[in-house]
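The residues making up each chain are set out below.
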Amino acid sequence: SSTMALQPSSCGGVGMENQDSRFSPTPVSGVHGIDQELVDEMLYDALVWSSLHGLVIGDRNLERSGRIPGVGMVHAPFTLLPTIFPESYWRQACELAPIFNELVDRVSLDGNFLQDSLSRTKEVDAFTSRLLDIHLKMLQIGKKEEIRLGLHRSDYMLDEQTNLLLQIELNTISSSFPGLGCLVSELHRSLLDHHGEKLGLVSKQVPWNTAVNKYAEAIAKAWAEYNNPSSIVMIIVQAEERNMYDQHWLFHVLKEKHNVKAIRKTLAEVDAQGELKPDGRLLVGGQEISVIYFRAGYTPNDYPSESEWRARLLMEQSLAIKCPSISYHLTGTKKIQQELAKAGVLERFLDDKEDIEKVRKCFAGLWSLDDQEIVLKAIGNPRLFVMKPQREGGGNNIYNEEVKENLLRIQKEGTQEDAAYILMQRIFPNISPTLLVRDGICQKDHAISELGIYGAYLRNKERVIINEQSGYLMRTKVSSSNEGGVAAGFAVLDSIYLS
Ligand code: ADP
Ligand code: MG
Ligand code: MG
């Protein structure tokens, strides 16, 4: 029988002070009731497993850990056990992946839609404005991307009140953790294989996670479509990257399984070493680049000087397959997410009525700030909304009283700053007791989870070569925290246990 609801042990919950008042505290139960000796044993096994299998990140306490592989590694933060997730919602999220892939592709082809939808944002957001400039240049020269590679991750939360699976956002650039996400699924299966019986849990309920293999396969197939065996793949990275092992995993599989070579370059290095041939081929350090995979370039911090912008433009002008292209990148902005949620807009880009229904069903409330009625509502009840700028990477959104303060300030100042943001319905997922592991220490807390579904899309002209769901990522964070990035330090990696 299950021992999931035994006595609470000595290690109490922490960090619940800021919890939203609409929730009564969840009683300590479930995983918090697991016998402490068993927790300690699983923790030890998990730490050994992570170290032996490369479930690691750079240790921020060591200066060189973000630059030199193999120096200063620490296990990635994870939950000790997978989080229970209903199978029906899991299937729903998986089904959506190919539809969103197609939607991104279709939207990306409508240059005027992207420019028009972001035209007001452009006036007040310098970063988005630079991206739009590159996009406009490509429109003006009639640049065509015939081979298109999308490696996306659509993130969802299960809204407790409505019982709906609602999309948080769709990432079209730098979707992280295809590598470490797979490892956490394996870690959890291993722990359940050895300790599951005592918990009444079986490892087969943790779905096999295909993310790293599917992503590597998609990059390899894109490389093959480019059709020059001597060309190589280039990963655009930040100079300092503590999450480098997640990236190395992907390129390890690309090399070992597909025999495709990849190099890592910063945007500044591409500017220094890149060369655009008259026929459009991109050479970096003399080597022809067929696929450019961005794990940097999604935040203004990645463009400290004109050099980085020159590199971005150079790459965009080239024949190389860009993952993402500037159009795919812009399609993933929060503003476009909000525009797509407007009545009648999905219909412009998707043909299948059922697909449109499915997509619309997962849209939360999304509004532009020129909607006075909703702004008043948000000022009156700021906790029910999230205010989002056009940024990626976590830590940028505005919550609670600050929503009200910012809306009032923007109203008072009467500037165009409202165009920098969108308003989104706040989603309140179910809070459950969780065991979170960081720096070798297991902490009991109450947490909420966000499910990401990876999608891969590859086409060459009219031929769709890949359009599929390609794995998942569960991220879990203490319920008192608003934001959810793992790399940003808010959340831990998790997997799912289907119920
Ligand atoms: P980013 O591109 O920076 O990851 P997100 O839209 O994913 O931006 O927001 C970051 C985090 O904020 C999410 O992982 C989630 O934890 C939280 N969040 C975002 N939107 C909502 C929402 N509508 N309701 C509740 N939490 C949200
Ligand atoms: Mg994002
Ligand atoms: Mg996100």
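What counts as what
- Residues numbered from 1 in each chain as written.
- Chains lettered and ligands numbered in written order.
- Predicted model: local features only at pLDDT ≥ 70, side-chain atom pairs only at ≥ 80, totals over all residues.
- Heavy atoms only, no water.
- Donors = N, O, S within 2.8 Å, 3.2 Å for Na, K, Ca; no water.
- Buried < 20%, exposed > 50% of the residue type's maximum accessible area, 1.4 Å probe, protein only.
- Near = heavy atom within 4 Å.
- Polar contact = N/O pair within 3.5 Å; in protein donor to acceptor, adjacent residues only side chain to side chain.
- Areas by Shrake-Rupley, 256 points an atom, 1.4 Å probe, with all protein chains shown as cover.
- Helix = DSSP H or I, 4+ residues; strand = E, 2+ residues; numbered from the N terminus.
- Nonpolar A, V, L, I, M, F, W, Y, C, P; charged D, E, K, R; others polar.
- Domains from an automatic or database assignment.
- Axes fitted to C-alpha atoms, helices over the stretch in contact; angles between N-to-C directions.
- Parallel < 35°, antiparallel > 145°, perpendicular 65-115°, else oblique.
- Left-handed = near helix turned anticlockwise from the far one by under 90°.
- Contact = heavy atoms within 4.5 Å.

### Topic: the coordination of the magnesium ion (ligand 2)
Next up, step 1: For the magnesium ion (ligand 2), the protein coordination sphere consists of Glu169 (OE), Glu169 (OE), Asn171 (OD1) and Glu392 (OE), at 1.9 to 2.3 Å.
Next up, step 2: In primary sequence terms, the donor set of the magnesium ion (ligand 2) follows E-x1-N-x220-E.
Next up, step 3: The distance between the magnesium ion (ligand 2) and the magnesium ion (ligand 3) comes to 3.6 Å, with Glu169 serving as a donor to both metals.
Next up, step 4: Relative accessible area serves as the criterion here: at 12%, Glu169 is assigned to the buried category.
Next up, step 5: Relative accessible area serves as the criterion here: at 6%, Asn171 is assigned to the buried category.

### A word on the site of ligand 1
Next up, step 1: Among the 21 residues in the neighbourhood of ligand 1, the closest are listed as Lys334, Lys388, Glu392, Gly394 and Glu450.
Next up, step 2: Gly394 places a polar main-chain atom, nitrogen or oxygen, 2.7 Å from an oxygen atom of ligand 1.
Next up, step 3: Taken by itself ligand 1 offers 540 Å² of open surface, and the protein chains cover 96% of this.
Next up, step 4: Elements supplying a minimum of two residues to the shell around ligand 1: β6 (164-171), β14 (385-389) and β15 (421-425).
Next up, step 5: Among the residues making up the shell around ligand 1, the classes are represented as six nonpolar, six polar and nine charged.
Next up, step 6: Each of two domains, domain 1 (30-364 + 427-498) and domain 2 (365-426), supplies a minimum of three residues to the shell around ligand 1.

### Brief notes about the packing of helix α2 (residues 87-108) against helix α14 (residues 353-361)
Next up, step 1: The contact between α2 and α14 brings their axes to 10 Å, and the two run at 110°. Considered as vectors, α2 and α14 are oriented roughly perpendicular to each other. Where α2 crosses over α14, the handedness of that crossing is left-handed. Contacts from Glu95, Leu96, Ile99 and Phe100 in α2 reach Asp355, Lys358 and Val359 in α14.

Without other data, these values stay purely geometric and don't point to any function.
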